[in-house]
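# Examining the three-dimensional arrangement
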Amino acid sequence: MTLRLVRLAALVAMLVSGLSLQAAAHAILIDSTPKPDGTMPAGHQTLSFHYNSRIDHKRSRLTLVGPSAKPMVLRQSTHAEANALDAEVDLAPGHYTLRWQALALDGHITRGDVPFSVAAGAH
Ligand SMILES: [Cu+2]
């Protein structure tokens, strides 16, 4: 190849790898139930965390830190969407933090905390 062609090929390779990085970015939380600092009713609830990219469910984790008990790794729902982590849990009133850890298809792990409150039911 001529030098000019080599340079062109290198440029194309850079552009293609840049595009594929964008297409498979690491996971950023874009929506959740509960919302950060939000409130949920007590009882049986589904916690749901939506990301901007597909998630490797087997190597991602939802851990619930409750008011009294030690951190509990939640069993994930098997029918979550490809870009979401879901778990069903029984919630008593109090303050909680949900720690999520998500492995995106680009191989990067991201983590975050969602603090929330559970309100006592209406009497
Ligand atoms: Cu990444």
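Okay, so let's go over this structure.

Thresholds, definitions, all that
Residues numbered from 1 in each chain as written. Predicted model: local features only at pLDDT ≥ 70, side-chain atom pairs only at ≥ 80, totals over all residues. Heavy atoms only, no water. Helix = DSSP H or I, 4+ residues; strand = E, 2+ residues; numbered from the N terminus. Buried < 20%, exposed > 50% of the residue type's maximum accessible area, 1.4 Å probe, protein only. Areas by Shrake-Rupley, 256 points an atom, 1.4 Å probe, with all protein chains shown as cover. Pairing = 2+ DSSP bridges. Salt bridge = Lys/Arg side-chain N within 4 Å of Asp/Glu carboxyl O.

### Quick notes on the overall build of the protein chain
In terms of helices and strands, the protein chain carries one helix and eight strands. For the protein chain, the α and β elements follow one another from N to C terminus as α-β-β-β-β-β-β-β-β. A burial count over the protein chain gives 33% of its 123 residues as buried. If you sum the accessible surface of the protein chain, you get close to 8,100 Å²; carbon and sulfur atoms cover 59% of it.

### Here we look at the pairing of strand E7 (residues 94–103)
For E7, the buried fraction is high: seven of the 10 residues fall into the buried class. With five bridges connecting them, strand E4 (residues 61–65) and E7 associate as antiparallel partners. Paired with Arg61 across the two strands is Gln101, which belongs to E7. Direction of pairing for E7 relative to strand E8 (residues 109–119): antiparallel, over a ladder of 10 bridges. Bridge pairing links Gln101 to Arg111 in E8.

### Observations concerning the pattern of salt bridges
What the rule picks out here adds up to three salt bridges. Residue Lys35 is joined to Asp31 by a salt bridge in which the shortest nitrogen-to-oxygen separation is 2.7 Å. A residue is classified by how much of its surface remains accessible, and Lys35, at 49% relative accessible area, is partly exposed. Residue class for Asp31 comes out partly exposed when judged on its relative accessible area of 35%. Across the salt bridge formed by Arg59 and Asp56, the nearest N and O atoms sit 3.3 Å from each other. Classification of Arg59 as exposed rests on a relative accessible area of 58%.

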